[in-house]
Amino acid sequence: MGTSEYKGKASELLNGKDIKIGQSITIHTAVGGYSGLLLPRYELFDDNHIVIKLGNGYNIGIDITKIISIEKNCSELQYSAYINGKFLDSKSESLDEFRVPILDLKDSLPRVALISTGGTIGSKIDYRTGGVTSVMSASDLYLSVPEISKYASVDTEMLLNEYSENLVPDDWTLMANKIIEKINTGIYKGIILSHGTDTMHYTSAALSFALRNTPIPIVLTGAQRSSDRPSSDAALNLIGATRFAVKSEHSGVFVVMHANTSDGLLACHLGTRVRKNHTSSRDAFESINLEPIALIDSDSIKMQSNNMLKLTRRGEGKHSSYETSFDRHVVLLQYYPGFEPTIISDLVKNGCKAIIFEGTGLGHVSRDCFTQLKQAIESGIMIFMTSQCLWGRVNMNVYNTGRDLLGIGIIPLSDMTPETALTKAMWLIANNESSVEIKWKMQENMCNEITYVSPIEIDKK
Amino acid sequence: MTTNKLDINLKVGLEIHQQLATGTKLFCQCRSNEDEEYTLDFSRSLRPAQSELGIIDPAALFESKKIQSFRYLAANRTSCLVEADEEPPHCINREALESALIFSLALNSHIADEIHVMRKIVIDGSNTSGFQRTMLISMGGFVEVNGKRTGVQSICLEEDASKLISDKNSKREFGLDRLGIPLVEIALEPVSITPPEVMQLALGLGRILRASKRVARGIGSIRQDVNISVEDGRVVEIKGVQKLDQLVKVIQYEANRQHGLIIITDKLKNELGIKEIRCDNGIVDVTDILRRSSSRKIIESLKDQSTVYKAFKIEGFAGMLGFEPYEGIRLGKELSQLVRFYGIGGIFHSDELPGYGITKENLDSIERKLAKSSKNDAFIIIGGGLTNVNFAIESLIQRLKAVLEGVPAETRAATPSGETIYIRPRPGSARMYPETDIAPIKVDSLLLDSLRQKIPRPIEEYTNEMISKFGLNKKLAEEIFDSQYLNLFEKIVSSTKISPTFVASKLTEDITNLERQGYDSSLLSDERVLEIFNELDKGRIAKESVPILYEKFMKREINRVEEFESGFETMTERQLEDEIEGILNNHLDAINEKGMNSLGMLMGRTMAMLKGRSDGQKINKILKDKLEQMLALREQ
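Note that the coordinates shown come from a computational prediction; the quantities given were computed from them, not determined experimentally.

Caption draft 1: Summary view of the overall build of chain B. For chain B, the count of helices and strands is 22 helices and 22 strands. Dimensions of chain B along its principal axes, counting C-alpha atoms only, are 105 × 80 × 50 Å. Put simply, chain B has 636 residues, and 55% of those count as buried. Sequence separation of at least 24 residues holds for 75% of the intrachain contacts in chain B that already meet a minimum separation of 6. Total accessible area on chain B stands at roughly 28100 Å², and carbon and sulfur atoms take up 48% of it.

Caption draft 2: Structural detail: the state of the cysteines. Tallying each qualifying case throughout the model produces 0 disulfides over all chains. No disulfide involves Cys369 of chain A; its sulfur sits 14 Å from the nearest other cysteine sulfur, which is in Cys352 of chain A. Cys80 of chain B takes part in no disulfide bond, and the closest cysteine sulfur to it belongs to Cys30 of chain B, at a distance of 3.6 Å. Residue Cys80 of chain B is classed as partly exposed on the basis of its relative accessible area, which comes to 27%.

Caption draft 3: Seen up close, the sheet that holds strand E15 (residues 283-285) of chain B. All names here are of chain B. Read from one edge of the open sheet, 4 strands run E15-E16-E18-E17, paired in antiparallel fashion. Each having just a single partner strand, E15 and strand E17 (348-349) make up the two edges of the open sheet. Pairing analysis gives 3 bridges linking E15 to strand E16 (residues 307-314), with the strands arranged antiparallel. When the bridges of E16 are listed, Ile283 appears paired with Phe312.

Caption draft 4: Just the pattern of salt bridges, in detail. Counted by the stated rule, this structure contains 75 salt bridges over all chains. A salt bridge links Lys20 of chain A to Asp18 of chain A; its shortest N-O distance comes to 3.0 Å. The salt bridge involving Arg119 of chain B is made with Asp437 of chain B; its shortest N-O contact spans 3.8 Å. Taken together, the residues span a long stretch of sequence, with Arg119 of chain B in strand E6 (residues 117-121) and Asp437 of chain B in the loop between strand E21 (432-434) and strand E22 (441-442) at a distance of 318 residues. For Asp437 of chain B, a relative accessible area of 33% puts it in the partly exposed group.

Caption draft 5: Spotlight on the nonpolar core. With 113 residues, the main nonpolar core has Ile50 and Ile52 of chain A together with Leu157, Ile186, Ile277, Phe317 and Leu400 of chain B as its most contacted residues. Per element, the largest residue contribution to this core is 8 residues, and it comes from helix H5 (residues 244-271) of chain B. Ignoring anything within four residues of it in the chain, the contact list for Ile52 of chain A reads Ile25, Ile27, Tyr34, Ser35, Gly36, Leu37, Leu38, Leu39, Tyr58, Asn59, Ile60 and Ile62 of chain A. Among the nonpolar cores identified, the runner-up in size contains 51 residues, and Leu193, Ile218, Leu220 and Met426 of chain A belong to it.

Caption draft 6: Up close: the domain arrangement of chain B. Segmentation of chain B into domains returns domain 1 (5-270 + 430-434), domain 2 (274-408), domain 3 (459-567) and domain 4 (573-635). Once you take the C-alpha centre of each, domain 3 of chain B and domain 4 of chain B turn out to be 40 Å apart.

Caption draft 7: Fine view of unusual backbone geometry. In this chain, Leu353 of chain B is followed by Pro354 of chain B through a cis amide linkage whose omega measures 0°. Turning to its location among the elements, Pro354 of chain B is positioned in the loop between E17 and helix H9 (360-370). Phi at Leu390 of chain A takes a positive value of approximately 65°, unusual for a residue other than glycine. Residue placement: Leu390 of chain A occurs in the loop between strand E23 (382-387) and helix H8 (400-408). Classification of Leu390 of chain A as buried rests on a relative accessible area of 17%. For Asn448 of chain A, which is not glycine, the phi dihedral falls at a positive 60°. Mapped onto the fold, Asn448 of chain A is located in the segment after helix H10 (435-443). Its relative accessible area of 5% is what places Asn448 of chain A among the buried residues.

Caption draft 8: The arrangement of helix H9 (residues 418-431) of chain A in detail. For H9 of chain A, built from 14 residues, the straight-helix expectation of 20 Å at 1.5 Å per residue is met to within 8% by its first-to-last C-alpha distance of 20 Å. With 12 of 14 residues buried, H9 of chain A lies mostly within the body of the structure.

Caption draft 9: Looking closely at the sheet that holds strand E21 (residues 330-334) of chain A. Residue and element names in this part refer to chain A. Read from one edge to the other, the open sheet built from 4 strands follows the order E21-E22-E23-E24, with strand pairing classed as parallel. Among the strands making up the open sheet, the edge pair consists of E21 and strand E24 (411-412). The sheet contact formed by E21 and strand E22 (residues 354-359) spans 5 bridges and is parallel. Paired with Leu333 across the bridge in E22 is Phe357. Seen against the sheet, H10 touches E22, E23 and E24 and runs at an angle of roughly 10° to E23.

Caption draft 10: A look at the packing of helix H6 (residues 342-349) of chain A against helix H7 (residues 370-378) of chain A. Residues and elements named next belong to chain A. For the pair H6 and H7, the least separation of the axes is 8 Å and the interaxial angle reads 20°. In terms of orientation, H6 lies roughly parallel with respect to H7. As for how H6 packs across H7, the hand of that crossing is left-handed. Here Thr342, Ile344, Ser345 and Val348 of H6 come into contact with H7, specifically with Gln372, Leu373 and Ala376. Split into classes, the residues belonging to the contact of H6 with H7 amount to 4 nonpolar, 3 polar and no charged.

Caption draft 11: Spatial organisation of the packing of helix H12 (residues 459-470) of chain B against helix H13 (residues 474-482) of chain B. Residues and elements named next belong to chain B. Where H12 meets H13, the axes come as close as 9 Å, and the angle between the chain directions of the two elements is 125°. By the angle between their directions, the pair H12 and H13 is classed as oblique. H13 is crossed by H12, and the crossing has right-handed handedness. Packed against H12, whose contacting residues are Ile459, Tyr462, Thr463, Met466 and Ile467, the element H13 presents Lys474, Ala477, Glu478, Ile480 and Phe481 at the interface. Its residues assigned to classes, the contact of H12 with H13 comprises 7 nonpolar, 1 polar and 2 charged.

Caption draft 12: Quick peek at a nonpolar patch on the surface. Residue and element names in this part refer to chain A. The grouping of Met308, Tyr452 and Val453 at the surface amounts to a nonpolar patch, some 290 Å² of accessible area in total. Checked against the element boundaries, Val453 lands in the segment after H10. Note on Val453: relative accessible area 45%, which makes it partly exposed.

Caption draft 13: Spotlight on the confidence of the model for chain A. When pLDDT is averaged across chain A, the result is 87; 86% of the residues are at 70 or more. In the model, residues 89-104 of chain A has pLDDT below 50 throughout and makes 43 contacts with residues more than four positions away in sequence or in other chains.

Caption draft 14: Geometry of empty space enclosed by the protein. All names here are of chain B. Applying the stated criterion across every chain, the model contains 9 cavities of 30 Å³ or more. A volume near 100 Å³ is recorded for the largest cavity. Lining the largest cavity are 14 residues, and of these Val82, Glu83, Arg133, Glu159 and Leu179 sit closest to its centre.

Caption draft 15: The arrangement of the domain arrangement of chain A in detail. According to the domain assignment, chain A contains domain 1 (3-89), domain 2 (111-303) and domain 3 (330-443). Between the C-alpha centres of domain 1 of chain A and domain 3 of chain A the distance comes to 59 Å.

Caption draft 16: The environment of Ile121 of chain B, seen in detail. Residues and elements named next belong to chain B. Along the polypeptide, Ile121 turns up in strand E6. By relative accessible area, Ile121 is classed as buried at 6%. The sequence separation of Ile121 and Val389 amounts to 268 residues, and the corresponding C-alpha distance is 26 Å.

Caption draft 17: Layout of the confidence of the model for chain B. Per-residue confidence for chain B gives a mean pLDDT of 86, with 92% of residues at or over 70. Predicted complex metrics record ipTM = 0.85 and pTM = 0.79.

Caption draft 18: View of the packing of aromatic side chains. Residues and elements named next belong to chain A. Per the stated rule, a full pass over the model turns up 12 aromatic pairs over all chains. Centroid distance Phe244 to Phe254: 5.0 Å. Interplanar angle 70°. Geometry classified as edge-to-face. Highlighted residues: Phe244 in helix H5 (residues 234-247) and Phe254 in strand E14 (residues 250-258), separated in sequence by 10 residues. Assigned by exposure class, Phe244 and Phe254 land together as buried.

Caption draft 19: A look at the environment of Phe209 of chain A. Residues and elements named next belong to chain A. Along the polypeptide, Phe209 turns up in helix H4 (residues 200-210). The spacing of Phe209 and Val274 is 65 residues in sequence and 14 Å in space, taken between C-alpha atoms. Once residues lying within four places of it in the same chain are set aside, the contact partners of Phe209 are Thr272, Thr420, Thr423, Lys424, Trp427, Cys447 and Glu449.

Rules and cut-offs
- Residues numbered from 1 in each chain as written.
- Chains lettered and ligands numbered in written order.
- Predicted model: local features only at pLDDT ≥ 70, side-chain atom pairs only at ≥ 80, totals over all residues.
- Heavy atoms only, no water.
- Helix = DSSP H or I, 4+ residues; strand = E, 2+ residues; numbered from the N terminus.
- Buried < 20%, exposed > 50% of the residue type's maximum accessible area, 1.4 Å probe, protein only.
- Contact = heavy atoms within 4.5 Å.
- Areas by Shrake-Rupley, 256 points an atom, 1.4 Å probe, with all protein chains shown as cover.
- Disulfide = S-S within 2.5 Å.
- Pairing = 2+ DSSP bridges.
- Salt bridge = Lys/Arg side-chain N within 4 Å of Asp/Glu carboxyl O.
- Core = buried A, V, L, I, M, F, W, Y, C linked by side-chain atoms within 4.5 Å.
- Domains from an automatic or database assignment.
- Expected span 1.5 Å × (residues − 1).
- Axes fitted to C-alpha atoms, helices over the stretch in contact; angles between N-to-C directions.
- Parallel < 35°, antiparallel > 145°, perpendicular 65-115°, else oblique.
- Left-handed = near helix turned anticlockwise from the far one by under 90°.
- Nonpolar A, V, L, I, M, F, W, Y, C, P; charged D, E, K, R; others polar.
- Patch = residues over 30% accessible without salt bridge, like charges linked within 9 Å, V, L, I, M, F, W, Y side chains within 5 Å.
- pLDDT = per-residue confidence, 0-100.
- 1 Å grid on protein atoms, 1.4 Å probe; cavity = no way out; pocket = protein on both sides within 12 Å on 5 of 7 lines; lining within 4 Å.
- Points joined across faces, edges and corners; volume = space filled by probe spheres on them.
- Phe/Tyr/Trp six-rings, centres within 6.5 Å; stacked < 30°, edge-to-face > 60°.

And the structure:
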């Protein structure tokens, strides 16, 4: 503790008595006194209250204008509060300590590398904001889920400590390079990347392209409930990710998360086909336009058969070279009624190299944009079309608008998700010279980001 | 032998949990009623998490060893993603917060300047999140009952837990409807007090809460726990005490048990000179030895290949497991109760052996295997599945090592017969963790000023008002006040012209009578009671019908009053047919003479006989069919 100090008046009061966070103190007010451990103050709240943890475990805030005196206790807590002339013994006094278990590692097990990048999966309380923040390292995570040691011998490394909304394409490069470093040691059966869930599907798509010849599975996982909660989904997700990393017959980039609200079944998704579709539920991640690639229950890993997919078998990847850079000059733009066409020309002025449109329905934007779109394309910008419907395929031959857009030079991206299209364009632009080649490759299926058959029914699990 | 309460400084602290009548839950907008039908289900598991101080709560750790998986049942009406732990909590229910603040003001309790919502780690499955959201509203103050003041320790506002539906084979099922209903917890100071005084105190405190008209009614809407301690012992929390006679027995039992444990400790330390309990030197497998025992129970249990029996010795403990400082209070019994949580029936210990079919020869073999050198040593045998036996031995050793501390801080449950049994270690402060999804709540002094106006008046003022305003006698005024029907009474009296005394007696005596007969009064909703009195007011039903209607609702025979009025009663089809056949047979002459033309006359007779017991149209149809059948047969 002690990450966040008091400010202003509260800080003066505490400094005057040389009182530090974590110390046992007694505060007297007109009605009596409170004893407890001084806790840090959330930075974003006012500086008029001092927060203490009472002997009964409750935290309360005490208004500093009501404080008559404040002092350090010489010994441990003896009582919780002293009010109107009476000591109120804390309701529970057993402070027996139980430490977390120490793991004994078994050498005989397959090895995996667990790389942490932050997110809810490694979160606990943040005294800066009062919310949760990502602070647990990969080894903390590993220690909090000792069951993993049944399946693999895990080497841990903390690469980043960021919520995923703060990640940028350079971080994908950093992650890709770190993973390549691990792959090149040749000792790992698989690699697990713990990640914040908000943009995990962007990272999984980006890594799918950057690491498309990986000989081993790279499994991303995260949590929708933070690891400091007994109900956290982190443990099961980590266990499932570890099992898949060790057992999978295929290499590639995958995301393993809950398949439904129950703790039991996990779904493994292809890195290029997955999307976060719910703000908070455990089963927020879904494969778009196809079923999850595998289902993982407590006993087995069941691969879903899908002959439309090109999966690389473990060890088959030609890991000669990887292209890990991304160019940030790509914009993901959702069209909406009232969309201001000059946004397009402004983007051109600001150095944008490609636009991924999330068009309406089958892939449309209003004819009001035609002029700006033509100008943009004439000035060398590449413009691609995906659909904000997410489910289904773009088809710009059905309506006049679509045909007109095709005529202008907008390139349809079939059933690719908008996020995957964005990362793919960023990656292609960073690693290719010719725009003809980039446009061609955008429409070509490289990492199962496009499937050419639309299943009648998709079991989302 | 009974303990002398003065000698042992017996203290009893009352803790009540009262559901609030807020309509919606504490941290979401779901209805706060209990549901009968569940349409959704899912399964989860929970694991212990560290507190913000980096330690794991002993109660949480204990629970985590027992149960693997929980199944939750829910309905959309009463639960949403918040209860399913799939969505963060919404803002706090202001009405619930106000109620808790009003109670604090009413009990002169000192309200915190800033309220911090905490997570109290509970991983027995009763909360999907693995914690109960709770906040300390105030500390200190007092409640005055019959002129006697009892101190208040703390007042908390918290979420109610899920409803346990079933618990077997390490699989528990819960209903989510109750989860998240706001609950006020008032903990009183432990005091030297007699059991009837505790009940008076509970009643008095309950009256203050009810006078606010902000609390829920019905079974389970108020629950009380008692904390019991003796001199030199630690506080033991007893859950599930319902009635006075049970409370009297529980307090006496706990006084004996806790003092008994202190006597045992004293004897160990001072008579036997034991300074440290040594019991973890070698645990041996005695399965094969017991295979040769003559215990039918053991032999039967060994038919299951996975059953093992293990034994371990406790140095210098001979005689102590069976030692009985008070009747029925033995260390051996405490230990037997402990292992039941691992699905193990109990233990065998050396103080009671040979016996139970375990022979002298068996014992000799066991002692040899244990390398028991001294006749002063005791040993314990325990059998069951391997994992369970190992967990159970671990907790037995832990419990034995704590014997020298006297009374351990525990949570226990009251049995109907007035004893108590072990549930789990007393949760410590390590179970408390800040609820990071909800910002601290600053208590506004202007708000408090306005809430002071809403402090419930003393009960006497209410009863006196009811006496003068409604002409009730004092007894009835108090009865209606103490019943769950005060709000309903006022509603009925204000909306109808029926005599308040009549309404009050129907809401108290009549319902109590039916409850005594074993009917569930929770099946009689406020809406239905209101409907009954409205119909009575309009002259559509007789006064005598009121208790009959209560009974019909509690038996689930009718759903609405109009079903009773229209005379519809659930007579089975078969009964109806039999009745009608009887009537037809009594009028054979008329039928012979008039054929189908006798239908009108027969219908009149039948309706006169079955009036109010079945639907007229149905009677008509059956009668017509039967008559046609009968005439057709005659023609053949």
